[in-house]
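# What the coordinates show
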2 protein chains.
Amino acid sequence: MLRRIVIFNAFCVFFAASYIVVPGPAYPATKGEIWPKPQQETKEWTYYKLSPAVFKFTVKGKTCDILKAAIERYTSVLRTTHHIAWKHTKKTWKKVESRSTAADPDFKGALQELQINLLAPCEVYPHLEMNEKYSLKVSGISKLESDSIWGILRGMESFAQLFYMAKGYKDVLINATQIVDFPRYTYRGLLIDTSRHYITVANILKTLDAMEMNKMNVLHWHIVDDQSFPYQSEKFPQLSLQGAYDPSMVYTKTNIIQIVSYARDRGIRVLPEFDVPGHTRSWGVAYPSILTKCYQYGQVVGLGPMDPTNNVTYKLIGDLFREVQERFPDKYFHLGGDEVAMECWSSNPDLINFMSEHNMTKPSELHAYFMTKVIPLLGQKSKPIVWQEVFDEGVKLPSDTIVQVWKTVGAQDMIPILEAGHKVVYSSSWYLDKLDGGDGWSKFYTVDPRQQITTDVLDLNNIVGGEACMWGEVVDDTNLISRTWPRASAVAEILWRAPEPQYSLSSVMDITTRMEEQVCRMNHRGIQAQPPNGPGFCPIETL
Amino acid sequence: MLRRIVIFNAFCVFFAASYIVVPGPAYPATKGEIWPKPQQETKEWTYYKLSPAVFKFTVKGKTCDILKAAIERYTSVLRTTHHIAWKHTKKTWKKVESRSTAADPDFKGALQELQINLLAPCEVYPHLEMNEKYSLKVSGISKLESDSIWGILRGMESFAQLFYMAKGYKDVLINATQIVDFPRYTYRGLLIDTSRHYITVANILKTLDAMEMNKMNVLHWHIVDDQSFPYQSEKFPQLSLQGAYDPSMVYTKTNIIQIVSYARDRGIRVLPEFDVPGHTRSWGVAYPSILTKCYQYGQVVGLGPMDPTNNVTYKLIGDLFREVQERFPDKYFHLGGDEVAMECWSSNPDLINFMSEHNMTKPSELHAYFMTKVIPLLGQKSKPIVWQEVFDEGVKLPSDTIVQVWKTVGAQDMIPILEAGHKVVYSSSWYLDKLDGGDGWSKFYTVDPRQQITTDVLDLNNIVGGEACMWGEVVDDTNLISRTWPRASAVAEILWRAPEPQYSLSSVMDITTRMEEQVCRMNHRGIQAQPPNGPGFCPIETL
């Protein structure tokens, strides 16, 4: 019913509508193609067979706990792949045969090993300038090489994605392949919001699994907000005891250590956000005095943003942030700074007095005053990231502050920030919570942050990356994974791959069919990514 | 981030935006309120405590296997409810006390039993005219009475929904309540589509669980379509062997027996749809000769709808439908009939000849010719339901044919059908696959099919109900449940409850907060309904 011809693709200009329907999936999945697309890749016709009894990962260069864990993880991925394939083959395919016949000159026998050559010692944590470049050569003795553990991790994921199954054959195969690969952007993030709805630790870990499969490297954890305060503080236990939705809906120190360590093992940074001075209503359940009283007709009508004139506010922030810095080793700390309800500040007689005493004429100067006092509280341990309002309102920011742009699609908001010499993270096009135009992924795919800027006087390398934002208003454990994936995968590929000079029918088909495979691959690995391209199914050959 | 004030409700006209934020959920859940809203309900202050060791269901009137299964099912629901409550209480609530103190005059002790008084023998299967009326009186000895097993089932669900937990108290409570209840519409359906994506039997059963919780009574199973043919036929095994996405992605005879029986136990009809003559491309993988060859510039360019001039077509349809009628006991059979690609018929030289031989001037007459030959194939065993195109194109339909309207929101398409004396099922406003305006439920709530018709010359009782349609293009096992629920719950309530004369702030709050409870209740019973109203959580008191 409805839509006899289903074209879900924003690239649909390439497909002429027709009343001729072909049975089967709208777009067949590719087999053994990598998502996100590698920078350089050559595939040959010759191929090898995966035999878990034969194949092994071997370490030729440096090693460390991250590499050991990765070898264990990918050994398990390949075993499961092989197991699913065989189980299904036995169950439903009446006539299958092994492709490993001497008669086929392209067949080169069993894959022996992947030699992993890490050329430098492991770094302890991933970071903004992390090196993710790797080279991979698949042949009888395959080789993966990188100057960095992070490159090795990306290469192992690519390696795992090269396997496929040929229809009618029971073997898991991999073609001889050469890859040299590195990301276009160093910051490829996903925001999750655990204040509007609590997300279980299990689902945060699953999100990290999905991020690894898509080579994303920053989990931006918008941990608290107006609605609830699930961060459990040792210094200020009342914050979550009173401010969480329920005393059981919190992230303990142990939870955070687990999440940070799980992310690190996958080359993913965990960037904490404690949004101030707005979006802080839940802080005020336990500590009402740090919030501003909002007035109407001379009466207090509720509590608003943090009170920038109250020293207790800064004391609490400073003490709390030092604790948060202990738990989150990342070199950046997201201070928020967006959507401050200045109407409340302007309504408060004490703040009006304060402004006039300090020669301030508009409440945005209070915002500047506040941020100027908060940023130094981070000390040397971390550098600030802020939402664009903080820059827009003229706060003097340290030059190494990153500004995250979310308000306007396109170049407009980025230009002044770049002109001021700041690094930019771009999010405006990638608000995953917005379903206004349906919930496809292709509209996310057509945006490349740097390509939006046409002037060449700016240093476009200062656009360090972008972020898909999965705000939590209508997302909880029931739909987080299926709504995030594969829409975030589109952002992941755009931020990794070399830009397409111009979309053609074949490049669009390449993207669409690889996306189909990537979703099936995520499904096979236990991530409930939703269907990307209309009618279809995950064939067993998509491993 | 974004939306400091979140109003997700289409009724939002009642809520003035403000910059004052209150921490916690956007809308708190009610406690022990029923969804869909009963026709008449009186609650008292006095209350009882649920003690699984004490409480029992007792049968006072007739009984049958459906009732026995229901008692088993709801015994388990109440036990689980009680268990969850106690487990959670022990774990996270530091200070709890039993509310069962002699000091509280409203407390009337433990709930003893629910006496179930079924006044007439059970019917074998639910049907269009099924009687779902019941009366329920909760007190020490509670009573549920109905003339029909279907009314008893509805009453048991209402009974289970009356339980709640008071914050700070560890007991599961129920207030003394009197209910007289019956549905406004006799047909309250949900369409699922298993052709665009295969849905596992487990998820179809879960869908039936959710339908029971929302008192929906028709599962419209759009089982096959262009993309795949998952119905496994004994007479024509090649249909699914070749036409299913994969030989494993089929519904066997055993599967269908299980689904129909599971549905019957819950008072839900299973209405099979085999859409003809369009949407049949997958039939043609095994039987290409029953489809029309489409021509362009004198060349065959593909296959289109069924060939209405081919006797083999009717033979196959007749034989297959007889088998389907054996498996699906419902008294109705959905023949589809929508969106026929007549351009293909008009392009085929043989069909052009046939038309001229039969004095037909337009291809819609071929459609009429086709349907006129197919409808009698149902014989006496089932009556037809068709999509509105069949009526719109002037096919002479038996008077007992039901016409399903989907094309135009509002009265326009229903009027001529009602004038012709047919029964109508309305779906136009309830296409759950459309996310154009986001994915809230409130836009579905504001439509009452009969209220759209203002003329009083028509028999509005002929609008027998409505159907929420979850087309499967972008829905598979990963997101079927969370995308269907609670959006279908809105349709379920509108089709059950007495119409609201005018929405007021209090009625909107009643609906919104009951919806919040209903979603939490579904979550607690293992159905991953997504969050309905913005930020929030499921408190343990919502059982």
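Residues numbered from 1 in each chain as written. Chains lettered and ligands numbered in written order. Predicted model: local features only at pLDDT ≥ 70, side-chain atom pairs only at ≥ 80, totals over all residues. Heavy atoms only, no water.

Reports often express the size of an interface as the amount of accessible area lost when the parts come together. Across the boundary between the two partners, chain B contributes 75 residues, which contact 74 residues of chain A. The contact between chain B and chain A buries some 6,000 Å² in all, and 59% of this surface belongs to carbon and sulfur atoms. Our count for the chain B to chain A interface comes out at two salt bridges. A salt bridge links Asp439 of chain A to Arg483 of chain B; the shortest N-O distance between them is 2.3 Å. For the pair chain B and chain A, the number of links is 18 residue pairs in polar contact (both at pLDDT 80 or more). Of all the secondary structure elements, the ones that give two or more residues to the side of chain B that touches chain A are α1 (65-92), β12 (291-296), β13 (299-306), α8 (342-347) and α14 (480-484) of chain B. Grouping the amino acids of the side of chain B that touches chain A by side-chain chemistry returns 34 nonpolar, 21 polar and 20 charged. (Contact = heavy atoms within 4.5 Å. Buried area = accessible area lost by both parts, 1.4 Å probe. Salt bridge = Lys/Arg side-chain N within 4 Å of Asp/Glu carboxyl O. Polar contact = N/O pair within 3.5 Å; in protein donor to acceptor, adjacent residues only side chain to side chain. Helix = DSSP H or I, 4+ residues; strand = E, 2+ residues; numbered from the N terminus. Nonpolar A, V, L, I, M, F, W, Y, C, P; charged D, E, K, R; others polar.)

Here the focus is the domain arrangement of chain A. Residues and elements named next belong to chain A. By the assigned domains, chain A splits into domain 1 (1-27 + 500-543), domain 2 (31-181) and domain 3 (187-499). Contacts between the two partners involve twelve residues from domain 1 and, on the opposite side, 22 residues from domain 2. Across the domain 1/domain 2 interface, buried area totals approximately 1,500 Å², and carbon plus sulfur atoms make up 60% of it. In this structure, Asp510 and Lys37 form a salt bridge, with 3.3 Å as the shortest nitrogen-oxygen distance. Remark: the boundary between domain 1 and domain 2 carries seven residue pairs in polar contact (both at pLDDT 80 or more). A per-class count over the side of domain 1 that touches domain 2 returns four nonpolar, two polar and six charged. (Domains from an automatic or database assignment.)

The subject of this paragraph is the pairing of strand β6 (residues 141-146) of chain A. Each regular strand shows side chains that alternate between the opposite faces of the sheet. Residues and elements named next belong to chain A. Where burial is concerned, the two faces of β6 differ: the one with Ser142, Leu144 and Ser146 is buried and the one with Ile141, Lys143 and Glu145 is not. Note: strand β4 (residues 113-118) against β6, six bridges, orientation parallel. Its bridge partner lying in β6, Leu118 is registered against Ser146. Looking at chain direction, strand β5 (residues 134-138) and β6 are connected through three bridges and run antiparallel. Opposite Leu136, over in β6, you have Leu144 as the bridge partner. If you look at the hairpin formed by β5 and β6, you'll find two residues sitting between the two strands. (Buried < 20%, exposed > 50% of the residue type's maximum accessible area, 1.4 Å probe, protein only. Pairing = 2+ DSSP bridges.)

Another aspect to go through is the relation of the copies chain B and chain A. Least-squares fitting of chain B to chain A yields an RMSD of 0.0 Å, with the transformation described by 0.0 Å of translation along the axis and a rotation of 180°. Here the symmetry operator amounts to a two-fold rotation axis. Residue Asp436 of chain B of chain B places its C-alpha closer to the rotation axis than any other residue of that unit, at 2.6 Å. Of all interface residues in chain B, 99% are interface residues in chain A too; the two copies therefore contact each other through one and the same surface. (Least-squares fit on C-alpha atoms with pLDDT ≥ 70 in both.)

This part covers the pattern of salt bridges. A side chain with one charge can pair with a side chain of the opposite charge if their charged atoms come near. Tallying each qualifying case throughout the model produces 55 salt bridges over all chains. Between Arg525 of chain B and Glu157 of chain B there is a salt bridge, with its nearest N and O atoms 2.9 Å apart. Taken together, the positions of Arg525 of chain B in the segment after α16 (505-524) and Glu157 of chain B in helix α2 (residues 149-161) put the pair 368 residues apart, joining distant regions of the chain. Exposure remark for Arg525 of chain B: the relative accessible area of 26% places this residue in the partly exposed category. Taking the relative accessible area as the measure of exposure, Glu157 of chain B reaches 1% and is therefore buried. Residues participating in the shared-partner salt-bridge network are Lys37, Glu493, Arg497, Glu500, Asp510 and Arg514 of chain A.

Residue and element names in this part refer to chain B. The terminal C-alpha atoms of helix α7 (residues 311-327) lie 25 Å apart, and with 17 residues this matches the ideal 24 Å at 1.5 Å per residue to within 8%. Burial runs high along α7: twelve of the 17 residues are buried. All of the buried residues in α7 are Thr313, Tyr314, Leu316, Ile317, Gly318, Asp319, Leu320, Phe321, Glu323, Val324, Gln325 and Arg327. Two or three places before Val312, at the start of α7, stands the capping residue Asn310, its side-chain oxygen 2.9 Å from that residue's backbone nitrogen. (Expected span 1.5 Å × (residues − 1).)

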